[in-house]
Amino acid sequence: MPLEPLICADTATRVSSVLNRDVKQFGKKHMFDASEETCWNSDQGTCQWVTLDFPRAVKVSQLHIQFQGGFSSRLCTLEGCRAGEELVKISHLYPEDINAMQIFQVEETVLDKLKITFENSTDFFGRIVVYHLGVLGERL
């Protein structure tokens, strides 16, 4: 079965922080708007994160992410769970510090909630900048 984008208008998203609390310019919605001009920009601090609560169960197969070089993460931890359960670690990803879209194969996991934790930022202050975040797989 072909992979399809799993993030939709009904996916509830949360982020750890937004630079200067300026959600209009740097908010989470910019990771999903398909614009090369906009981005989510976290505030400073260690271990920034994004959570995605899907409207129904999904089987995750791939993660697509595009950072701004110099504001990326050297280590991303993926955690997930079914509704009402505790998050469990799915895998670690090791992105490069580049501007290009990066695609990661993920061990196929059925879940309702996905948390991506950005550890070990390449920015001295711990900021993360994401232009695009996509999760592909199968809706169940």
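Remember, it's a predicted structure, so these values are computed and weren't measured experimentally.

K.L.:
Teacher, can you tell me more about the side chain of Gln62 here?
P.N.:
Mapped onto the elements of the fold, Gln62 is located in strand S4 (residues 48-67). By relative accessible area, which is 13% here, Gln62 ends up buried. At 2.7 Å, the side chain of Gln62 forms a polar contact with the side chain of His64. If we skip the residues at most four places from it in the chain, Gln62 touches Leu3, Ile103, Phe104, Gln105, Val106, Gly134, Val135 and Leu136.

K.L.:
Sorry if this is basic, but what is going on with unusual backbone geometry here?
P.N.:
Backbone phi values are negative for most residues with the exception of glycine, while trans is the configuration of most peptide bonds. Backbone geometry at Asn20 places phi at a positive 55°, although glycine is not the residue there. Note that Asn20 resides in the loop between strand S2 (12-15) and helix H1 (23-26). Although it is not a glycine, Arg21 sits at a positive phi angle of roughly 55°. By the element assignment, Arg21 lies in the loop between S2 and H1.

Conventions used here
Residues numbered from 1 in each chain as written. Predicted model: local features only at pLDDT ≥ 70, side-chain atom pairs only at ≥ 80, totals over all residues. Heavy atoms only, no water. Helix = DSSP H or I, 4+ residues; strand = E, 2+ residues; numbered from the N terminus. Buried < 20%, exposed > 50% of the residue type's maximum accessible area, 1.4 Å probe, protein only. Polar contact = N/O pair within 3.5 Å; in protein donor to acceptor, adjacent residues only side chain to side chain. Contact = heavy atoms within 4.5 Å.

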